[in-house]
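In case you want the letters, here they are:
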Amino acid sequence: MFWIWKKKKNKKPFKLVTIKRMKLAAKWGGRILLALFFVEIGFIWGLMPDWDEFSYGPTPKSRAIKKYEYLHKIDPLTPPLRWQPVDLEFLPKHVSRAVIVAEDARFYQHKGLDQEAIEKAIEYNLEKGRIVYGASTISQQTIKNLFLSRSRNPLRKLHEVILTYAMENNVGKKRILEIYLNSAEFGRGIYGVEAAARYYFNKPARHLSVTEAIELAATLPAPVNHNPQTRTNFFQKRVKKISRHMGI
């Protein structure tokens, strides 16, 4: 009887200890989450450029270009970097139009994220049962090229969204498009439309024909494998699709 009474008596203290531990865990868990939040804010703040300089200064060298330079340095067999920034005003209208049609048809309508494109991509991917299409805008791709890794983890995506909104609120569409056209990858070690035009067509970008501009735009989703040199089936389909949307 005494043993049974003692066991019953110990139940209450056990419950109290458990509750205290849960409260303590919740308390420290909240503090850790708050600390991580401020770390994230600090990280994003550190990535933020001077938007005035970003808007009017020279085209910045992207993270992807810097990484490629490093790869070439440690492995001389890596093809040399090709990158020649050019002002948007020196590019034919059909070059930027082809890229917009190919990558972000609502570029001038959205504020960095295209909700309509996101909904369509989700619907299509669910129908196929796998991720076939993304819905990254030119603005998002510009941020990713300049500041972020190619990782697809949710945290990197959050950084991308925050930086994209910041850029859209501080930088004009014309400048965003200019930086994208000068930072996009068009092949192994080939960055920007000027370098791409000279590499694939042996001419400066200002002399590109409409067909050549469309072919460069068709290169963007997977430039290393599908480009004006490889001329894969995927590439040819992209060219036809872009041409159709451009009314050609």
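Right, let's walk through the structure included here. (Residues numbered from 1 in each chain as written. Predicted model: local features only at pLDDT ≥ 70, side-chain atom pairs only at ≥ 80, totals over all residues. Heavy atoms only, no water.)

Things to note about the overall build of the chain
And step 1. For the chain, the helix and strand inventory stands at eleven helices and three strands.
And step 2. Counting helices and strands in the order they occur from the N terminus, the chain gives α-α-α-β-α-α-α-α-α-β-β-α-α-α.
And step 3. Put simply, of all contacts in the chain between residues at least 6 apart along the chain, 65% involve residues at least 24 apart.
And step 4. Total accessible area computed for the chain in this model is approximately 15900 Å², and 59% of it derives from carbon and sulfur atoms. (Helix = DSSP H or I, 4+ residues; strand = E, 2+ residues; numbered from the N terminus. Contact = heavy atoms within 4.5 Å. Areas by Shrake-Rupley, 256 points an atom, 1.4 Å probe, with all protein chains shown as cover.)

Side note on the packing of aromatic side chains
And step 1. Counted according to the given criterion, the structure contains five aromatic pairs.
And step 2. Seen in terms of ring centroids, Tyr68 and Tyr191 are 6.2 Å apart; in terms of plane orientation they differ by 65°. Their pairing is edge-to-face. One end of the pair, Tyr68, is in helix α3 (residues 63–74); the other, Tyr191, is in strand β3 (residues 190–191), and 123 residues separate them in sequence.
And step 3. Residue class for Tyr68 comes out buried when judged on its relative accessible area of 6%.
And step 4. An aromatic cluster of at least three residues, connected via ring pairs, comprises Trp51, Phe54 and Phe147.
And step 5. When the ring centre of Phe107 is taken as origin, the NZ or CZ atom of Lys173, which lies over that ring, is 4.5 Å away. (Phe/Tyr/Trp six-rings, centres within 6.5 Å; stacked < 30°, edge-to-face > 60°. Buried < 20%, exposed > 50% of the residue type's maximum accessible area, 1.4 Å probe, protein only. Lys NZ or Arg CZ within 6 Å of the ring centre and 35° of its normal.)

Focus on the sheet that holds β3
And step 1. Strand order in this open sheet of three strands is β1-β3-β2, and the pairing throughout is mixed. Of all strands in the sheet, those bounded by a partner on one side alone are β1 (82–83) and β2 (185–187). (Pairing = 2+ DSSP bridges.)

Remarks on the nonpolar core
Burial of nonpolar side chains together is a common tendency in soluble globular proteins.
And step 1. Core analysis: the largest hydrophobic core is formed by 46 residues, its most contacted members being Phe54, Phe186 and Val193.
And step 2. Where this core is concerned, the elements lending two or more residues are α2 (51–56), α4 (93–103), α6 (138–147), α7 (154–170), α8 (173–183), α9 (193–201), α10 (210–219) and α11 (233–245).
And step 3. Looking at which element gives the most residues to this core, the answer is α9, with six residues.
And step 4. What Phe186 contacts, discounting residues up to four positions off in sequence, is Leu181, Gly192, Val193, Ala196, Tyr200, Leu216, Thr219, Leu220 and Pro223. (Core = buried A, V, L, I, M, F, W, Y, C linked by side-chain atoms within 4.5 Å.)

Comments concerning the side chain of Thr78
And step 1. Looking at where Thr78 falls in the secondary structure, it is placed in the loop between α3 and β1.
And step 2. Relative accessible area serves as the criterion here: at 6%, Thr78 is assigned to the buried category.
And step 3. Leave out the neighbours within four places in its chain, and Thr78 touches Tyr68, Leu71, His72 and Arg188.

Details of the pattern of salt bridges
And step 1. Overall, the coordinates contain eight salt bridges when judged by the stated rule.
And step 2. A salt bridge links Lys61 to Glu69; the shortest N-O distance between them is 3.0 Å.
And step 3. For Lys61, a relative accessible area of 33% translates into the label partly exposed.
And step 4. Of the charged contacts in the structure, one is a salt bridge between Glu103 and Arg238, with a shortest N-O distance of 3.3 Å. One end of the pair, Glu103, is in helix α4; the other, Arg238, is in helix α11, with 135 residues separating them in the sequence. Exposure class is identical for Glu103 and Arg238. Each is buried. (Salt bridge = Lys/Arg side-chain N within 4 Å of Asp/Glu carboxyl O.)

Quick look at the environment of Val86
And step 1. Looking at where Val86 falls in the secondary structure, it is placed in the loop between β1 and α4.
And step 2. Residue class for Val86 comes out buried when judged on its relative accessible area of 14%.
And step 3. Sequence separation between Val86 and Gly192 is 106 residues, and the spatial gap between their C-alpha atoms is 8.4 Å.
And step 4. When neighbours within four sequence positions are excluded, Val86 is seen to be in contact with Leu91, Glu178, Asn182, Val193 and Glu194.

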